Amino acid sequence: MKVLVIGGGAREHALCRALSLDPDVSALHCAPGNAGIADVAELHPVDALDGAAVAELAAALGADLVVVGPEAPLVAGVADALRERGFPVFGPSAEAARLEGSKAFAKDVMAAANVPTARSYVCTTPEEVDEALDAFGAPYVVKDDGLAAGKGVVVTADLKTAREHALACDRVVIEEFLDGPEVSLFALTDGETVVPLQPAQDFKRALDGDEGPNTGGMGAYSPLPWASPKLVDEVLESVLQPTVDELRRRGTPFSGLLYAGLALTSRGVRVIEFNARFGDPETQVVLARLKTPPAGLLLAAATGRLAEVPPLRWSDGAAVTVVIASHNYPGTPRTGDVIEGLPEAAAAEEAYVLHAGTARDAEGRVVSAGGRVLSVTATGDDLATARERAYAAVSRIRLDGSHHRTDIAEQAARG
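The following refers to the structure shown.

Definitions and cut-offs
- Residues numbered from 1 in each chain as written.
- Predicted model: local features only at pLDDT ≥ 70, side-chain atom pairs only at ≥ 80, totals over all residues.
- Heavy atoms only, no water.
- Helix = DSSP H or I, 4+ residues; strand = E, 2+ residues; numbered from the N terminus.
- Rg over C-alpha atoms; globule rule 2.2 N^0.38 Å.
- Areas by Shrake-Rupley, 256 points an atom, 1.4 Å probe, with all protein chains shown as cover.
- Lys, Arg positive; Asp, Glu negative; His and termini not counted.
- Charge placed at Lys NZ, Arg CZ, Asp CG, Glu CD.
- Axes fitted to C-alpha atoms, helices over the stretch in contact; angles between N-to-C directions.
- Left-handed = near helix turned anticlockwise from the far one by under 90°.
- Contact = heavy atoms within 4.5 Å.
- Nonpolar A, V, L, I, M, F, W, Y, C, P; charged D, E, K, R; others polar.
- Core = buried A, V, L, I, M, F, W, Y, C linked by side-chain atoms within 4.5 Å.
- Buried < 20%, exposed > 50% of the residue type's maximum accessible area, 1.4 Å probe, protein only.
- Salt bridge = Lys/Arg side-chain N within 4 Å of Asp/Glu carboxyl O.
- Pairing = 2+ DSSP bridges.
- Patch = residues over 30% accessible without salt bridge, like charges linked within 9 Å, V, L, I, M, F, W, Y side chains within 5 Å.
- Parallel < 35°, antiparallel > 145°, perpendicular 65-115°, else oblique.

Details of the overall build of the chain
Within the chain, the secondary structure is distributed over 14 helices and 24 strands. Computed over the C-alpha atoms, the radius of gyration of the chain is 20 Å, within 12% of the 22 Å expected from 2.2 N^0.38 for a compact globule of 415 residues. Its C-alpha atoms give the chain principal-axis dimensions of roughly 55 × 45 × 40 Å. Accessible area of the chain: about 16600 Å², with a carbon and sulfur share of 48%. Side chains of the chain carry 37 positive and 58 negative charges; the gap between the two charge centres is 2 Å.

This is the structure in structure tokens:
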């Protein structure tokens, strides 16, 4: 099978790495990719938001499967352009991807499907914003209705900060604060059958102890030793399957990866948000534990044959990912700094480095090219071992001005 992956972040590197190890994959391509993905796939320049250009590339390569990684191309309709040309695509249509592209649309779907979520108001005027903030009180949860690359959400006890963020958005969703730990659960779906993956937990705040601003994610781990063994089945029954059924009922079936961001509250599971693609950095740890070769799974989802897939096989061990971010992330990141120590990190026990924001300079050196630069991933028999190995590999990397959290999976590893 010839596979083309669209995107160029650590999520796509994790997907390409897993696909490169799959014996069914005869050729692996990625567009536009990054400096790390170049080690496992052939790279091609393309505007990932241009459906016609992506379809032309798929045709030139004779792709048997196209995997669309990031949210922006999905919301822009790239999967639709590929399907019109007859390519099997892992990724939802633009209409179905509104589940991530519009918080208000997602709330409407959840209400129709009876999916448990936070009470919320959709606001478009300063008056509506003030009424909603007053109705819920602190802590305030304010979400930009559109795509914001994981950084459109503000959770704060400060009314002024909440109001400023709300007024900076064209349309905003203000909702009640959900207590309890957060969990990410991915599911493959062909629009009818839903196959959940293993849950993970990510760390959104920039600094240790969940301090600092929200980011796209600073690390993740899987499995969750503290979560109920029934969690996946419960979420499948109350969240994932009803959502997929509702979208199919509306005539906009969702095919691809449905990602539920969940809060395990004192009143039960509640959906914080949906994403229409693999999450970053949770993908890095989930794929590290998946033993079933991925190409056949993604193709089955793309071609309506998920019901035929045998039960997934998983490693009994654990995986931890630590994100190394560039100077000033999540503000305006500094780029162009040389990254040293990558071979040494890759040689660390049971660890590997996934590239996110990287490129090669004129001299062929790997340099930083974005906010989140690397995802250092390690596996082990348990969380404590995987965590130790991940940080051992992180310690070998040198990137001027970079920062990373030192407490990823720390509490869970303690038990």
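Additional details are given in the paragraphs that follow.
Considerations on the packing of helix H7 (residues 126-136) against helix H8 (residues 159-167)
Where H7 meets H8, the closest approach of the two axes is 10 Å, and the angle between their N-to-C directions is 145 degrees. In this structure, H7 crosses over H8, and the sense of that crossing is right-handed. The segment H7 lies against H8, with Pro126, Val129, Asp130 and Leu133 engaging Leu159, Ala162, Arg163, Ala166 and Leu167. Per-class residue counts for the contact of H7 with H8 are 7 nonpolar, no polar and 2 charged.

Things to note about the nonpolar core
Among the nonpolar cores identified, the biggest contains 79 residues, and Leu4, Val66, Leu82, Leu99, Leu240, Val320 and Ile397 are the most heavily contacted of them. Here this core takes 7 residues from helix H9 (residues 231-249), the largest share from any one element. Once residues within four sequence positions are removed from consideration, Leu240 is found in contact with Leu185, Ala187, Val194, Pro196, Val235, Leu258 and Ala260. Residues Cys16, Ala200, Ala220 and Trp314 belong to the second largest nonpolar core, which totals 41 residues.

Details of the pattern of salt bridges
All told, the structure shown has 29 salt bridges when counted by the stated rule. Ionic pairing is found between Glu71 and Arg277, a salt bridge with its closest N-O pair at 3.2 Å. Separated by 206 residues along the polypeptide, Glu71 in helix H3 (residues 71-75) and Arg277 in the loop between strand E17 (268-275) and helix H10 (282-289) bring together distant segments of the chain. For the pair Glu71 and Arg277, one class covers both residues: buried. Among the ionic pairs, Arg414 bridges to Glu410, the shortest N-O distance being 3.7 Å. Separated by 4 residues within a single helix, Arg414 and Glu410 lie in helix H14 (residues 410-414), roughly one turn from each other. Looking at Glu410, the relative accessible area reads 32%, which means it is partly exposed. Because the salt bridges share partners, they merge into one network encompassing Arg11, Glu12, Glu71, Glu100 and Arg277.

Section: the pairing of E17
Buried residues dominate E17, accounting for 7 of its 8 residues. Looking at chain direction, strand E16 (residues 256-265) and E17 are connected through 7 bridges and run antiparallel. Its bridge partner lying in E17, Ala260 is registered against Phe274.

Description of a negative patch on the surface
Together, Glu127, Glu128, Glu131 and Asp134 line one region of the surface with negative charge. Note that Asp134 resides in helix H7. Here Asp134 falls in the exposed class, since its relative accessible area comes to 65%.

Comments concerning the environment of Val239
Position of Val239 among the secondary structure elements: in helix H9. Considered as a pair, Val239 and Tyr329 are 90 residues apart in the sequence and their alpha carbons are 33 Å apart. In contact with Val239, not counting residues within four places along its chain, are Val115, Pro116, Glu234, Ala260, Val271 and Phe274.

Considerations on the environment of Ser238
Relative to the elements of secondary structure, Ser238 occurs in helix H9. In the structure, Ser238 is positioned 124 residues away from Asn114 in sequence and 8.2 Å away in space, judged by C-alpha atoms. Leaving out residues up to four positions away in the same chain, Ser238 has contacts with Val115 and Pro116.

Remarks on the pairing of strand E4 (residues 65-68)
Each regular strand displays side chains that alternate between the two surfaces of the sheet. Of the two faces of E4, both are covered, the one formed by Leu65 and Val67 as well as the one formed by Val66 and Val68. Of the pairings in the sheet, the one linking strand E1 (residues 2-7) to E4 comprises 4 bridges and is parallel in character. Within E4, the position partnered with Ile6 by the bridge is Val68.

Concerning the packing of helix H6 (residues 103-113) against H9
The interhelical angle for the contact between H6 and H9, taken along N-to-C directions, is 100 degrees, at an axis separation of 9 Å. With respect to each other, H6 and H9 are oriented roughly perpendicular. Residue-level inspection shows Phe105, Val109, Ala112 and Ala113 of H6 in contact with H9, the latter providing Pro242, Thr243, Glu246 and Leu247. Of the residues in the contact of H6 with H9, the class split is 6 nonpolar, 1 polar and 1 charged.

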